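Chains, contacts and geometry: an overview
The residues making up each chain are set out below.
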Amino acid sequence: MNKKLGVKILGTGSYFPDKVLTNTDLEQIVETSDEWISTRTGIKERRIAADGEFTSDLAYKASLEAIKSANIKPEEIDLVLVATITPDMFFPSTACFLQKKLGLNSVPAFDLSAACSGFVYGIATAKAFIESGLYKTVLLIGAEELSKITDWTDRNTCVLFGDGAGAMILSASQQDDNVLSTFLGADGSYADLLLMPGGGSVNPSTVETVNGKLHSIKMQGKEVFKTAIPKMAFAAQKALEFSGKNLDDIKLFIPHQANMRIIEAVAKKMGIPMEKVFVNIYKTGNISSATTITALDEAIKTGKLNKGDLVELIAFGGGFTWGATVLRV
Ligand code: UT7
């Protein structure tokens, strides 16, 4: 009898646009201060995509890096999955635009929408496709241009978000099983607390939706904050339990980077020392589905994670959605 297929993580990559927007720059745009943003969120700067630089362009550059680090030929990829809430267009999918840029003609490609939990949802999706034997080598992306759906007159939200993309190549393996566990959750009764209301079937685009700024992020920050902490800790504990590992086995925890105070509260609630928690929010801001994968890529590149180490990604976002995954890098 054939052994159950495992999932091997072959490589990762990331890409950030060149333009840096600092808190001091934001002081010129809205009534805010570096002091308020730093102390309330931990963010100092974020990257912003250029005009004419699309989500699929960021995804493309991150993909090239991941393909190189995986040491595969692009033609080996047989499924392209893009987690994003800021697609190039409503349709076709950003995955299709990316597929074309990579020259992967005919390979299936689709987007996945789970807001800031998108990449963790993507890992569970890629794992299921690979374990079923349906696809062998998956290119999974988290890519966002949140700057394009930001209301630059709303100081409650415009200081929080940024742009970037991360990529991972996962492949079927008889020997390795690098995705030890996944745990996902969602509760649509919280939908109104974090959303972009305009442009869909509820509020089709009109002059009124544009003037009413319905095509940008609306968030009730305090409520989101309160729910994020217990849900992230719960997801992290569940994925840990499913992996058969304990806190001490995990070399590094990578929580979604939305607010430094949330990251610290989750670590405290779980009893994890901050030395084992990866933080890069100060230079990225919140980049939704691109957050955990770009952080993972940075942790690998900077030697915070070495081959064979266990890492846990923990996510929370609009929907609400949440999830966690234990990986061996
Ligand atoms: O990625 C998905 C998940 N997203 C999140 O997890 C975000 C969760 N929420 C948060 O991170 C925080 O709630 C925020 C950072 C958004 C806000 O922090 P807060 O401590 O909850 O502040 P607040 O909304 O209660 O506002 C406190 C004060 C208010 O002034 P008053 O009413 O007390 O006079 C705000 O108007 O701070 C004011 N304020 C600002 N002041 C300067 C809000 N934004 C700003 C700003 N600069 N940018």
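Residues numbered from 1 in each chain as written. Predicted model: local features only at pLDDT ≥ 70, side-chain atom pairs only at ≥ 80, totals over all residues. Heavy atoms only, no water.

Let's shift gears to the overall build of the protein chain. Counting its regular elements, the protein chain contains 11 helices and 13 strands. By the compact-globule yardstick of 20 Å for 329 residues, the protein chain fits well, its C-alpha radius of gyration being 19 Å. Along the longest, intermediate and shortest principal axes, the C-alpha atoms of the protein chain span 65 × 45 × 35 Å. Across the 329 residues that make up the protein chain, the buried fraction comes to 53%. Across the protein chain, contacts joining residues at least 24 apart in sequence account for 77% of those joining residues at least 6 apart. Looking at the protein chain as shown, the accessible area adds up to about 14400 Å², and 54% of this sits on carbon and sulfur atoms. Each charge class in the protein chain was averaged separately, 34 positive and 37 negative side chains, and the resulting centres sit 4 Å apart. (Helix = DSSP H or I, 4+ residues; strand = E, 2+ residues; numbered from the N terminus. Rg over C-alpha atoms; globule rule 2.2 N^0.38 Å. Buried < 20%, exposed > 50% of the residue type's maximum accessible area, 1.4 Å probe, protein only. Contact = heavy atoms within 4.5 Å. Areas by Shrake-Rupley, 256 points an atom, 1.4 Å probe, with all protein chains shown as cover. Lys, Arg positive; Asp, Glu negative; His and termini not counted. Charge placed at Lys NZ, Arg CZ, Asp CG, Glu CD.)

With mixed pairing, five strands are arranged side by side in an open sheet as β1-β7-β6-β4-β5. Each of the sheet's edge strands pairs with one partner strand only, and the pair in question is β1 (6-15) and β5 (109-112). Direction aside, the axes of adjacent strands within the sheet are offset by 20° on average. On the sheet, helix α11 (residues 291-301) packs against β1, β6 (137-145) and β7 (163-173) and is oriented at approximately 90° with respect to β1. (Pairing = 2+ DSSP bridges. Axes fitted to C-alpha atoms, helices over the stretch in contact; angles between N-to-C directions.)

Let us look at the site of the ligand. Within the structure, the ligand sits among 23 residues, and T32, R40, K222, N259 and N286 are positioned closest to it. Take R40: an N or O atom from its side chain is 2.7 Å from an oxygen atom of the ligand. One nitrogen or oxygen atom from the main chain of R155 is found 2.9 Å from a nitrogen atom belonging to the ligand. In the complex, the protein chains occlude 74% of the 950 Å² of accessible area that the ligand would expose alone. Mapped by element, the contributors of at least two residues to the shell around the ligand are α2 (34-41), α6 (155-158), α8 (221-243) and α9 (260-270). Residues belonging to the shell around the ligand are distributed by class as follows: 11 nonpolar, seven polar and five charged. Structurally, the shell around the ligand is a two-domain feature, drawing no fewer than three residues from each of domain 1 (6-176) and domain 2 (180-328). (Near = heavy atom within 4 Å. Polar contact = N/O pair within 3.5 Å; in protein donor to acceptor, adjacent residues only side chain to side chain. Nonpolar A, V, L, I, M, F, W, Y, C, P; charged D, E, K, R; others polar. Domains from an automatic or database assignment.)

Turning our eyes to something else, we now look at empty space enclosed by the protein. One way to see where empty space is left: roll a probe the size of a water molecule over the atoms. Counted according to the given criterion, the structure contains one cavity of 30 Å³ or more. Considering only enclosed or pocket space, the largest cavity measures out at about 40 Å³ in volume. Lining the largest cavity we find F253, P255, I263, V266, A267, I272, V277 and I314. If you list the elements that add at least two residues to the lining of the largest cavity, you get β11 (252-255) and α9. (1 Å grid on protein atoms, 1.4 Å probe; cavity = no way out; pocket = protein on both sides within 12 Å on 5 of 7 lines; lining within 4 Å. Points joined across faces, edges and corners; volume = space filled by probe spheres on them.)

Quick look at α9 now. When α9 is considered as a whole, its buried residues turn out to be M260, I262, I263, V266, A267 and M270. Buried residues of α9, seen end-on, are gathered within an arc of 165° and therefore sit on one face of the element. More than 90 degrees from the buried face of α9, the exposed residues found are K268 and K269. In this structure, the buried side of α9 is in contact with α2, α8, β11 and α10 (281-284). In the segment just after α9, G271 is the residue with positive phi, at about 75°. (Arc of directions from axis to C-beta.)

With that settled, the discussion passes to the environment of W322. Structurally, W322 can be placed in strand β13 (residues 321-328). Using a relative accessible area of 7% as the deciding quantity, one classes W322 as buried. When the C-alpha atoms of W322 and V107 are compared, they prove to be 29 Å apart, with 215 residues separating the residues in sequence. Discounting residues that sit within four places of it in the chain, W322 has contacts with S117, Y121, F183, L184, G185, A186, D187, K231, A235, A315 and F316.

Attention now goes to the layout of surface pockets. Of the pockets and cavities examined, the second largest pocket occupies roughly 240 Å³. In this structure, the second largest pocket is lined by 13 residues; those nearest its centre are I9, L10, G11, I300 and V329. Put simply, the parts of the chain that give the lining of the second largest pocket at least two residues each are β1 and α11. Residues of the lining of the second largest pocket, tallied by class, amount to five nonpolar, four polar and four charged. A domain split of the lining of the second largest pocket shows at least three residues from each of domain 1 (6-176) and domain 2 (180-328).

It is worth spelling out the domain arrangement of the protein chain at this point. Assigned domains of the protein chain: these are domain 1 (6-176) and domain 2 (180-328). Taking only C-alpha atoms into account, the centre of domain 1 sits 14 Å from that of domain 2. Note on domain 1 versus domain 2: buried area summed over both sides is about 3600 Å², and carbon and sulfur give 64% of it. Its largest share of buried area at the contact with domain 2, domain 1 owes to C116, V120 and Y121, together 18% of the area lost on that side. Across the contact surface, domain 1 and domain 2 share one salt bridge. Across the pair E65 and K301 runs a salt bridge whose closest N-O atoms are separated by 2.7 Å. For the side of domain 1 that touches domain 2, a count of residues per class yields 22 nonpolar, 16 polar and nine charged. (Buried area = accessible area lost by both parts, 1.4 Å probe. Salt bridge = Lys/Arg side-chain N within 4 Å of Asp/Glu carboxyl O.)

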